[in-house]
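Structural overview
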Amino acid sequence: MTTLIKNGTLVSATGRHAAEVLVDGTTIAAVLQPGSTLAVSAESGAERVIDATGKYVVPGGIDCHTHMELPFGGTFASDTFEIGTRAAAWGGTTTIVDFAVQKTGENVRDSLEAWHAKAEGQCAIDYAFHMIMGGVDEAALKEMDSLVAEGITSFKLFMAYPGVFYSDDGQILRAMQKAANNGALISMHAENGIAIDVLAEQAAARGQTDPVYHGITRPSRLEGEATNRAIQLALVAGAPVYFVHLSSSEALERVAEARNDGHNVFAETCPQYLYLNLEDHLGAPGFAGAGYVCSPPLRTREHTHHRDLWKGLRTNDLAVVATDHCPFCMKDQKELGRDDFRAIPNGIGGVEHRMDLIYQGVVMGELTLERWVETCSTTPARMFGMYPQKGVIAPGSDADIVLYDPDATTEISVDTHHMSMDYSAYEGITIDGRVDTVMSKGRILISDDAYHGEKGHGVYLRRGLSTYLQ
Ligand code: DUC
Ligand code: ZN
Ligand code: ZN
């Protein structure tokens, strides 16, 4: 089927202009100048014409940090691949990169197969995998080469969660040396988990068991320290490093220093660190704060008031916005930690709201429209080896396209979201903009406030090496 999208403003990472987009089957055939002979003939030949008057036409969002069905703390993240990718589509995200998980002591290959089995045939949008390595041993290091060949070109290591996902400095160095050799990108969860466990145990022994102590026992200084340590290890190994879910000014400063020195050091942040804070959300009365327990934790009000993370997004010290989508319900899941914050499953769901929440940054004057597209789509595609198949509206690219309406509004609420969560971390926030139409590989998934997709439309993407490195 051919589709012409006309009368819209095409926004890319580098500019905006009036343009018509011709889609043929699953890919973009042409970007045409309105009124040109080619555009006129494309319209007469098109089987479907979409009028995008007043809308921004942008590449589909790419959320490169999700955890569908993640096993955590004796339960599982509540979104299946089916539900989570459908919710993503509702929010204008047309590709996710989820984290396949090797827990400490498990085999990497078996863990990956298990992840493929969860996702295959279930997804509404295309999906790819990073690999979490919960144990860097000889077998895992060997598997890294074969995984790169299979399109898993990035590996997440944890400096947190001793005994579950944790890697020590020697293991990190070895994985980075391997990455320096095979072109993979090491993604780092940078928090000093050994020190955090001591603080958490001491707090619990004092009877400080409320959700807010999850944040108090994970001070931002320990994110800054781990970030610096990982940078130094990466420099010794000669490998690039990418920090996931960067949450604090201290960590951002370490990244900025390394980047100013010309190093291949990159970072993402997440909407929760831009919008939510420790006192108002994690410290909410009663047990409500449990809904905001994630790691790294929400930072203090002072942190969010400084707006350092928005600034980092402007300067490119933060190159990407992802969600770390890891939803749990209050009932039966967050409640596991009613008597002890250490037992609250860590995570916030937000895959549906990323494009809207970051677009609100445009409305607030924090980012340009182009930077919105770049941080939410184009850079994730380049960073993780999916560009130009994804992340750009250009001939030959997948026809993953969002029409965004700046004149409509979106009110975020548990009553209207599509994630499998019995609360919303962003309840009541209103966005001055709205996802209007979502197309994935030429197929309309969302239009007229209705879902037209189906599970299995999304397929596994074999990623290439990052094309973002300096
Ligand atoms: N942080 C979370 O909040 N959840 C899952 C894993 C992680 O690192
Ligand atoms: Zn993490
Ligand atoms: Zn994560």
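Residues numbered from 1 in each chain as written. Chains lettered and ligands numbered in written order. Predicted model: local features only at pLDDT ≥ 70, side-chain atom pairs only at ≥ 80, totals over all residues. Heavy atoms only, no water.

Remarks on the coordination of the zinc ion (ligand 2)
K156 (NZ), H189 (ND1) and H245 (NE2) make up the full set of protein donors to the zinc ion (ligand 2), lying at 2.1 to 2.2 Å. Angles of 84 to 129° at the metal separate the 4 donor atoms of the zinc ion (ligand 2), which places the site in the irregular class. Donor residues for the zinc ion (ligand 2), ordered by position in the chain, follow K-x32-H-x55-H. Separating the zinc ion (ligand 2) and the zinc ion (ligand 3) is a distance of 3.7 Å. Linking H189 in strand β12 (residues 185-189) with H245 in the loop between β13 (241-243) and α9 (249-260), this pair joins segments that are 56 residues apart in sequence. Classification of H245 as buried rests on a relative accessible area of 1%. (Donors = N, O, S within 2.8 Å, 3.2 Å for Na, K, Ca; no water. Tetrahedral: all angles 85-135°; square planar, octahedral: opposite > 155°, others 65-115°. Helix = DSSP H or I, 4+ residues; strand = E, 2+ residues; numbered from the N terminus. Buried < 20%, exposed > 50% of the residue type's maximum accessible area, 1.4 Å probe, protein only.)

A short note on the coordination of the zinc ion (ligand 3)
For the zinc ion (ligand 3), every protein donor is listed as H65 (NE2), H67 (NE2) and D324 (OD), and the spread of their distances is 2.0 to 2.2 Å. All donor residues of the zinc ion (ligand 3) come from one chain, and their arrangement in sequence is H-x1-H-x256-D. With a relative accessible area of 0%, H65 lands in the buried category.

Comments concerning the site of ligand 1
Taken together, L70, K156, F158, Y161, H189, H245, C294, S295, D324, C326, N346 and G347 make up the full set of residues near ligand 1. At a separation of 2.8 Å, a nitrogen atom of ligand 1 approaches a polar backbone atom of S295. Between ligand 1 and N346 there is a distance of 2.9 Å, counted from a nitrogen atom to a backbone nitrogen or oxygen. When ligand 1 is considered free in solution it has 240 Å² of accessible area, and contact with the protein chains removes 99% of it. (Near = heavy atom within 4 Å. Polar contact = N/O pair within 3.5 Å; in protein donor to acceptor, adjacent residues only side chain to side chain. Areas by Shrake-Rupley, 256 points an atom, 1.4 Å probe, with all protein chains shown as cover.)

Some words on the domain arrangement of the protein
In terms of domain boundaries, the protein breaks down into domain 1 (2-58 + 397-415 + 430-451) and domain 2 (62-383). Relative placement of domain 1 and domain 2: their C-alpha centres are 31 Å apart. In this assembly, 30 residues from domain 1 lie in contact with 22 residues from domain 2. Both sides together, the interface formed by domain 1 and domain 2 hides about 2,200 Å², and carbon and sulfur atoms give 66% of it. Counting every contact that joins domain 1 to domain 2 gives 2 salt bridges. Note that K441 and D126 form a salt bridge whose closest N and O atoms lie 2.8 Å from each other. Joining domain 1 to domain 2, the criterion identifies 4 residue pairs in polar contact (both at pLDDT 80 or more). With 5 residues, strand β19 (residues 434-440) is the largest single contributor of residues to the side of domain 1 that touches domain 2. (Domains from an automatic or database assignment. Contact = heavy atoms within 4.5 Å. Buried area = accessible area lost by both parts, 1.4 Å probe. Salt bridge = Lys/Arg side-chain N within 4 Å of Asp/Glu carboxyl O.)

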